[in-house]
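Working through the structure, step by step
Chain by chain, the residues:
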Amino acid sequence: MKIEGKKAIWSEYQKEIADDHYFYVRSCIRQNFFPGSEVAFLKIMREELNKDIYEHPCHTTCSGIGYHGDVVPVETAMTVVARQFAMMTEAGYRNYIPSCITSFGLYTEILETWHHFPEVEKRIREQLWKATKREFVVPENLAHASDVIYKFRKEIVAKGKYKLVNKNTGEPLKVVDHIGCHYAKMFPSKGIGGAEYPYVLAGMVEEWGGKVIDYPERRHCCGFGFRQYLIQANRGFSIACSKEKFESMQPFKPDMIITNCPGCPMFLDRWQYVINEMEGKRYGQDGEGIPVFTYEEVAGLILGYNPWDLGLQMHQTDCEPVLDKIGIEYDPEEKHNTSIYNKKVEVHSSVNV
Amino acid sequence: MENYHDLLMQDIRFEEGLNACMNCGVCTAICPAAEFYDYDPRQIVDIVQSGDNDEIEKLLKSDVIWYCGECMSCKTRCPRGNAPGLVIMALRGLSQDLGFFVESEKGRQQLAIKRTVGESILNTGYCVYLDGIKPDLHPEQGPNWEWIYKNRTALLARLGGNYKGDGPGILRKIPEEALEELKRIFEVTGGKKRYDKIEFYSRKKAEELNLEFDEGIDNEYFRHIYKTNNGSHTK
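Residues numbered from 1 in each chain as written. Chains lettered and ligands numbered in written order. Predicted model: local features only at pLDDT ≥ 70, side-chain atom pairs only at ≥ 80, totals over all residues.

**Digging into the overall build of chain A**
- Helices and strands together make up the secondary structure of chain A, namely 17 helices and 8 strands.
- The C-alpha radius of gyration of chain A comes to 21 Å, within 12% of the 20 Å expected for a compact globule of 353 residues.
- The principal-axis extent of the C-alpha atoms belonging to chain A is close to 60 × 55 × 50 Å.
- Expressed as a percentage of the 353 residues in chain A, the buried residues total 56%.
- The long-range share in chain A, meaning contacts at least 24 apart out of those at least 6 apart in sequence, stands at 77%. (Helix = DSSP H or I, 4+ residues; strand = E, 2+ residues; numbered from the N terminus. Rg over C-alpha atoms; globule rule 2.2 N^0.38 Å. Buried ≥ 20, exposed ≤ 12 C-beta atoms within 10 Å, placed from the backbone. Contact = placed C-beta atoms within 7 Å.)

See below:
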C-alpha cells in the first residue's frame, strides 16, 4: 500500500490535541492510589515542557463513579460537569484535560449528547444557574492527559535518561498496553487510533524504545465494572476479567504493563497479588508478577525521576524487575522508610521557602 | 399499570442507546459480563424493544439488569450503532425510581453504593477518599495497602500531595462552598431525590426481611447486601 493511502485511512483516527494552556482536573481514584502520577504529570508539563497548566482548587469529582454506579442520575452528572466547565471558563481557559478516563468518557458522552440534543444543554445551563449562579462555555478542546503525553512523547524521550530497553541484552522491553474502556469504546473517533487499534499508549512505548505486545484479550476490560468491584459480593467478576487478560498475555512474556485509566493499573496490580494468594500463580518471568505502570510513571522513569518520588512503592506487585532490566538507579532502603520521607519533605519545604 | 417503555423513552440514554436492534448478538459475544454471569444483553434489548410491559417489569425487578459492568464494549461493536450499556443504565434508573430494585439481590446493593460512593461525593467532593478505604474492608488491596494506609500522611507529603490541605493539589480539602454547590446541584437536578428513594425503598425491604436498618455501613442490612452472593448468578 502506498504511504498516502495509509495516511488517508488513519486520518480519521487522528485527534486534535491543544498545544498549551490547559485546565487540569484531577481523578478521584488516582489521587488515592497513584498520587505520584498526577504530581509527575504536572511536573513534566511545567518543568520539562514549559506548558501553562492550571488547577482550580474548587473543582470536585465529576461524579462519574456514582453515575456509572447508577446512583447519580444523568442530569445530575451533567450539571456537576457543567460546574467544572464553569470553573474552566471563569479561569480563562478553553482546553480541558481530565486525569481520569471515566471522567474523559463522561465529558465526551455529555458533549455528544448536548450536540445531538441542544434542548438538554439548555436545561442543564438553567439548572446550573439555579443551583450555583454559574455559567460556562464548552471546552474548545477536550483531551485526556495521556493524549497530551502522547503528543509530547518525542520531546520527553529527547530529554530522557533511560529507554524501555533491557540494558543487558539491548532488546526492547515487551510491553502490554492496556487502554481504559471509556477512552474510546464509546466514541472511537475521540481516541488516538480509535477503539480497535488505540495508539495512545503504543505510540509512547514505541517512541520510548519498547515493543508492544499484541495478544488475544488486549481489548478486554480489566474488570472494574463499577458496581462489580464496589460491592464485595460482586468482586468475582472483577478478578475473573483480569485473570482472563493475564492468562492471555502470559505466553508473550511481557516485561511490564502500561495503562492510562485510574482503575485499570490498580486492578491489574492488586488482582495479581490475590490470584497468587488464591492459586499460587504468578504471570511474570522468573516467578515474579508483571509490574503495572501508569503512563506518567513510565514517562517519569524515562526522564530519570526517582522511582520513590513517582510513588512506585504504592504498588502491590513490585516494580523493581523492570527498574533492574532498564538499569534505573534507586535506593531500596528508601522505598518504605518514612523517616527518609520526612527528611526529604523538610528539604523540599526549606527550598520552597 | 404504567407503560414502562414510555417511561424509558423519557431517559435521554434510552433514546441515544437504542435505534432498531436486529438481534445479531454481537453485543453478547463481546460482553465481559456475558462471559461471567448468566447474562445476555441481546435478549434484554429484544425485550425492551418489544414493548411488552409485563416482561419489562420482570426485568426491572430482576438481578439481570445489574450484571453489566458498563464498559461499553457493546457500543463499539454494534453494527446498528446501538448501546445496550446505555439501555441498561436507563433500566437501572427506572428500577430505582419505581422501587423495583429492592426485589433482587443485585438490585438491593444500590443502597451500599449510595452509602459509600454517593455520600462521599456530597461529604468530601470525591467519589472515594483515602480515609474510607480501610484495609479491613479491602483485603484484596494487599499488605502494602496496610502500610500505605498507616503511613498516608508521610507518604502523601513525600509524593507532593496536599492531603486535607487548603488550595489545589492531591487529596486537598474541597472547600465548603464547593460542597454546598454540589448539594444544591443534587437538589435541583434529582440527585437528592434518587438518594432518598434508594433509602426509602431499602428501609421498607429491610423491615420485610426483618433485618436491622440504620444509617452508615455498620448495620445488619448494609452488611447483608454488601456481602451476600447466593451463587446463582454465574453460568
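Picking up where we left off.
**Some details on the overall build of chain B**
- In terms of helices and strands, chain B carries 15 helices and 0 strands.
- Taken along the three principal axes of its C-alpha coordinates, chain B extends 55 × 45 × 40 Å.
- Counting all 235 residues of chain B, 48% fall into the buried class.
- Long-range pairs, those at least 24 residues apart, make up 61% of the contacts in chain B with a sequence separation of at least 6.

**Here we look at the sheet that holds strand β4 (residues 141-142) of chain A**
All names here are of chain A.
- Spatially, β2-β1-β3-β4 is the arrangement adopted by the 4 strands of the open sheet, whose pairing is parallel. For this open sheet the edge positions go to β2 (53-54) and β4, each flanked by a neighbour on one side alone.
- For strand β3 (residues 95-98) and β4, the ladder comprises 2 bridges, and the chain directions are parallel. Pairing of Asn95 across the sheet is with Asn141, part of β4. (Pairing = 2+ DSSP bridges.)

**A closer look at the interface of chain B and chain A**
- Taken together, the 72 residues of chain B in the interface contact 68 residues of chain A.
- The class makeup of the residues in the side of chain B that touches chain A is 38 nonpolar, 21 polar and 13 charged. (Nonpolar A, V, L, I, M, F, W, Y, C, P; charged D, E, K, R; others polar.)

**A look at the domain arrangement of chain B**
Residues and elements named next belong to chain B.
- Each assigned domain of chain B is listed here: domain 1 (4-106) and domain 2 (108-227).
- Using only C-alpha atoms to locate each centre, domain 1 and domain 2 end up separated by 27 Å.
- Elements that contribute at least two residues to the side of domain 1 that touches domain 2 include exactly α8 (84-97) and α9 (105-108). (Domains from an automatic or database assignment.)

**A closer look at the sheet that holds strand β8 (residues 292-294) of chain A**
All names here are of chain A.
- Pairing within the open sheet is parallel, and its 4 strands lie in the order β6-β5-β7-β8. Both edges of this open sheet fall to β6 (211-212) and β8, since each of them pairs with a single strand only.
- Across the sheet, helix α11 (residues 200-207) touches β5 (174-178), β6 and β7 (256-259), and the angle it forms with β5 is around 160°.
- Sheet strands touched by helix α14 (residues 263-279): β5, β7 and β8. Its angle to β8, the strand with the most contacts, is close to 165°. (Axes fitted to C-alpha atoms, helices over the stretch in contact; angles between N-to-C directions.)

**Notes on the pairing of strand β1 (residues 22-25) of chain A**
Residues and elements named next belong to chain A.
- Side chains Tyr22 and Tyr24 project from β1 onto one buried face, and the interleaved Phe23 and Val25 project onto a second face that is buried too.
- When β1 meets β2, the two strands line up parallel, connected through 2 bridges. Bridge pairing links Phe23 to Tyr54 in β2.
- With 4 bridges joining them, β1 and β3 adopt parallel strand pairing. Note on β3: the bridge partner recorded for Phe23 is Tyr96.

**A look at the confidence of the model for chain B**
- Taken residue by residue, chain B gives an average pLDDT of 96. The fraction at 70 or more is 100%.
- Among the prediction metrics, the complex's ipTM stands at 0.98, with pTM recorded as 0.95. (pLDDT = per-residue confidence, 0-100.)

**Concerning the pairing of β7(A)**
All names here are of chain A.
- The alternating pattern of β7 places Met256 and Ile258 and Ile257 and Thr259 on opposite faces, both of which are buried.
- Looking at chain direction, β5 and β7 are connected through 4 bridges and run parallel. By the bridge assignment, Val176 is partnered in β7 with Ile257.
- In the sheet, β7 pairs with β8 via 3 bridges, with the strands oriented parallel. Looking across to β8, one finds that Ile258 is bridged to Phe293.
- This β-α-β element, β7 to α14 to β8, shows right-handed connectivity. (Right-handed = clockwise from strand over helix to strand, strands pointing away.)

**Some thoughts on the environment of A:Lys211**
Residue and element names in this part refer to chain A.
- Of note, Lys211 is situated in strand β6.
- C-beta crowding within 10 Å serves as the criterion here: with 16 such atoms nearby, Lys211 is assigned to the partly exposed category.
- The spacing of Lys211 and Leu173 is 38 residues in sequence and 6.0 Å in space, taken between C-alpha atoms.
- Aside from chain neighbours lying at most four places away, what touches Lys211 is Pro172, Lys174 and Val175.

**Notes on the packing of helix α10 (residues 110-124) of chain B against helix α15 (residues 220-227) of chain B**
All names here are of chain B.
- At a closest axis distance of 8 Å, the pairing of α10 and α15 adopts a crossing angle of 110°. Here α10 is positioned roughly perpendicular relative to α15, judged by the angle of their axes. The segment α10 lies against α15, with Leu111, Ala112 and Arg115 engaging Phe222, Ile225 and Tyr226.
- Here the contact of α10 with α15 is built from residues that sort into 5 nonpolar, no polar and 1 charged. (Parallel < 35°, antiparallel > 145°, perpendicular 65-115°, else oblique.)

**Describing helix α6 (residues 101-116) of chain A**
Residues and elements named next belong to chain A.
- With 16 residues, α6 extends 22 Å from end C-alpha to end C-alpha; this agrees with the ideal 22 Å at 1.5 Å per step.
- Taken together, the buried positions of α6 are Ile101, Thr102, Ser103, Phe104, Gly105, Leu106, Tyr107, Thr108, Glu109 and Ile110.
- Residues of α6 that are buried in the fold lie against β1, α4 (64-68), α5 (74-91), β3, β4 and α10 (181-184). (Expected span 1.5 Å × (residues − 1).)

**Describing the environment of A:Asp286**
- Topologically, A:Asp286 is positioned in the loop between α14 and β8.
- Remark: the alpha-carbon pair of A:Asp286 and A:Gly236, spanning 50 residues in sequence, is separated by 27 Å.

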